[in-house]
Amino acid sequence: MIIFTKTIYMKILFPIIFTSAILGSICFSFKLAGEKKVLSTDNDSIVFSKIYSEGYNSWAAYIALEGLCKKAPKRLAGSAGAQVAVEYMEQVMRDCQFDKVWLQPVMVPHWERGPHEIGYVIDINGGKKHEVNVAALGGSIGTGENGLTAEVIEVTNFDELEKLGKKSIEGKIVFFNHRWDDKKIATFSAYGETVAYRWQGPTSAKKYGAVGCIIRSCTSSIDTFPHTGVTRTDSIGATIPSVAIATKDADFLSQLLKKSEKSVTFYLNMKCKWFADVKSYNVIGEIRGSEHPNEIIVVGGHLDAWELGEGAHDDGTGVTGSVEAIRIFKALGIRPKHTIRCVCFMNEENGGRGGKTYADSASLKKEKHIAAIESDAGGFTPRGFGLDMKPDQKIKVQSWEKLFLPYGVHDFTHGGGGADIGPLKAFGTPLLGLEPDGSRYFDYHHTEDDVFKNVNRRELQAGAASMAAMIYLIDKYGL
Ligand SMILES: [Zn+2]
């Protein structure tokens, strides 16, 4: 039995595979693909059990993720690390014996954080410096050699900022202390509320004459990790020096401001800088459809990542899980009717140019995309898919729910596909977003703690299997 052989193979040879992965051989288990028989697709629940068994038994996505995180941990678009990541994922796809692998050029913005940022509170009462964990927001300007020293003023929302107005704000550092709403069950909806301050806080504060901006990190966790992320740049292409601070530090600063009778002064020193746009790439691979090779199902995630950690959950799991979804097809000998294409999009975090370039090129070449699936919500236990499509298509996807239920995938009620596949919507492509459990994602999101060791192999593999299962149904029944 092939599965028995594979189990033994994984148990006995895994240490060798693991070591060889570290040494650079990435998708070792792919070499088995050619030995598989073609799987009958008469019975969907049997195919589902094969897909999930293959996914759960596999280490391929996990090993590929480790390689990506260790070889290219700092891979913000435009950086040297991003180029390493491009070459690495291209090789992963080649090792996986896709029918075709290629690089699609994308011009990307180039912003660099520079050396470790410094931030501290100057407590006038005690004359002491309180170190604060800060991280520049993506796109922020630097402070200059001497840093920035200014009085801090706290607001919890945009209304308070407006009420204070220019007379109270001018010359100060605005501190947006907007707390995460833990009453919200869906963490992405709580994130959506807080991220408004990261995105618009600095430009809003600048309008009233602020010289700097501090944002409470967008997380429900109370810890010492600042969470970076992109902030809006105004028409001049620059903001004011802007940082996220860890939630523990935000609470400390807020309490200090409340109890202090004198003004509280903050010092920031950051060397972040903008450079000219750089040529980078989307990494693309596909297996050709047997009946409709010109009709494409896309699955992908983003290859770039914020450079504080290793971009493991955001979005290393998305790109390696997407490759794994196709690997599962090959390993089981399922020959799809339509072409299945995996895209590792570049520059989701601070520009979205990879997604736009891909959609523009698809439109120019008149490629027909019958569905697009994105994984960009962490490599956690899969719970469902967000659906952004016509009502009748939604009903069709929801009718497949019973096939997914044995694997804990049950939620097909939310909207949303993802930022990288979003531009395909303009051409009528139905969009799906893999929805994993969201409880822990924002503990790691955009921090130095988003590292490989915080990804669970089974959870990552289950997400990849769920995407493979969804692709299988779309390929077989259409939308
Ligand atoms: Zn992401």
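Counting from 1, residues in each chain are numbered in the order their sequence is written. It should be noted that, the model being predicted, local features are given only for residues of pLDDT at least 70 and side-chain atom pairs only at 80 or more, the latter also being counted only at that level, while totals for whole chains, interfaces and linings use all residues. To get the side-chain values, all heavy atoms of the structure are used, and hydrogens and water are removed first.

**Notes on the pattern of salt bridges**
Phase 1: Salt-bridge detection follows one rule: a side-chain nitrogen of Lys or Arg within 4 Å of a carboxyl oxygen of Asp or Glu. Taken as a whole and assessed by the stated rule, the structure comprises 24 salt bridges.
Phase 2: The partner of aspartate 277 in a salt bridge is arginine 353, with the nearest N and O atoms 3.0 Å apart. Taken together, the positions of aspartate 277 in strand 10 (residues 273–287) and arginine 353 in helix 9 (residues 353–364) put the pair 76 residues apart, joining distant regions of the chain.
Phase 3: Since its relative accessible area comes to 28%, arginine 353 is described here as partly exposed.
Phase 4: Because the salt bridges share partners, they merge into one network encompassing Asp181, Lys183, Lys184 and Glu193. Comment: elements are numbered from the N terminus, with helices defined as DSSP H or I runs of at least four residues and strands as E runs of at least two. Burial classes: relative accessible area under 20% of the type maximum marks a residue as buried, over 50% as exposed, and values in between as partly exposed (1.4 Å probe, protein chains only).

**Topic: the coordination of the zinc ion**
Phase 1: Looking at the zinc ion, one finds its protein donor set to be His302 (NE2), Asp314 (OD), Asp376 (OD) and Asp376 (OD), positioned 1.9 to 2.7 Å from the metal centre.
Phase 2: Considering all 4 donor atoms around the zinc ion, the spread of angles at the metal, 52 to 148°, places the coordination shape in the irregular class.
Phase 3: Read in sequence order, the donor residues coordinating the zinc ion give the pattern H-x11-D-x61-D. Placement of the pair is histidine 302 in strand 11 (residues 292–302) and aspartate 376 in the loop between strand 13 (368–374) and strand 14 (382–388), with a sequence separation of 74 residues. Across the pair, aspartate 376 and histidine 302 agree in class, each one buried. Each metal site is built from N, O and S donor atoms within 2.8 Å (3.2 Å for Na, K and Ca), and since water is not included, such sites may look incomplete. In this scheme the shape depends on donor count and angles: four donors with every angle between 85 and 135 degrees give tetrahedral, four or six donors with opposite pairs above 155 degrees and others between 65 and 115 give square planar or octahedral in turn, and any other case is irregular.

**Thoughts on the sheet that holds strand 13**
Phase 1: Pairing between strands is defined by DSSP: at least two bridges between the two strands are required. One open sheet accounts for 7 strands, arranged 1-10-12-11-13-15-14; its pairing is mixed. Each of the sheet's edge strands pairs with one partner strand only, and the pair in question is strand 1 (100–112) and strand 14. When the angles between neighbouring strand axes are averaged without regard to direction, this sheet yields 20°.
Phase 2: Where strand 11 lies against strand 12 (residues 338–345), 8 bridges are found, and the strand directions are parallel. For helices, the fitted line uses only the C-alpha atoms of the stretch in contact; every axis is such a line through C-alpha atoms, and the angle between N-to-C directions lies from 0 to 180 degrees.

**As for the nonpolar core**
Phase 1: Nonpolar cores were defined as sets of buried Ala, Val, Leu, Ile, Met, Phe, Trp, Tyr and Cys residues, with membership established by side-chain atoms within 4.5 Å. Ile51, Met89, Leu303, Phe385, Phe404 and Met470 are the most contacted members of the largest nonpolar core, which totals 62 residues.
Phase 2: If near-sequence neighbours (up to four positions away) are discounted, methionine 470 is found in contact with Ile373, Phe385, Val397, Trp400, Phe404, Phe412 and Leu432.
Phase 3: In terms of nonpolar packing, the next biggest core, distinct from the first, is built from 25 residues, Trp111, Phe175, Val230 and Trp306 among them. Contact definition: two residues touch when any of their heavy atoms are within 4.5 Å.

**Focus: helix 3 (residues 60–71)**
For an α-helix the count is 3.6 residues per turn, leaving residues at separations of three or four pointing the same way.
Phase 1: A helix is expected to reach a length of 1.5 Å times the quantity of its residues less one. End to end, helix 3 covers 16 Å across 12 residues, agreeing with the expected 16 Å (1.5 Å per residue, within 8%).
Phase 2: Among the 12 residues in helix 3, 10 count as buried, and that is most of the element.
Phase 3: Those residues of helix 3 that fall on the buried side of the exposure criterion are Ala60, Ala61, Tyr62, Ile63, Ala64, Leu65, Glu66, Gly67, Leu68 and Cys69.

**Quick look at the sheet that holds strand 6 (residues 173–176)**
Phase 1: Pairing is mixed across the open sheet formed by 8 strands, whose spatial order is 3-2-9-5-6-7-8-4. The strands lining the two open edges of the sheet, one partner per strand, are strand 3 (128–131) and strand 4 (134–136). Taken over all neighbouring pairs, the strand axes of this sheet differ in orientation by 30° on average, direction set aside.
Phase 2: The sheet contacts of helix 5 (residues 158–169) involve strand 5 (148–155) and strand 6, and relative to strand 5 the element is tilted by about 140°.
Phase 3: Across the sheet, helix 7 (residues 247–259) touches strand 2 (118–123), strand 3, strand 5, strand 6, strand 7 (212–216), strand 8 (242–245) and strand 9 (265–269), and the angle it forms with strand 5 is around 85°.

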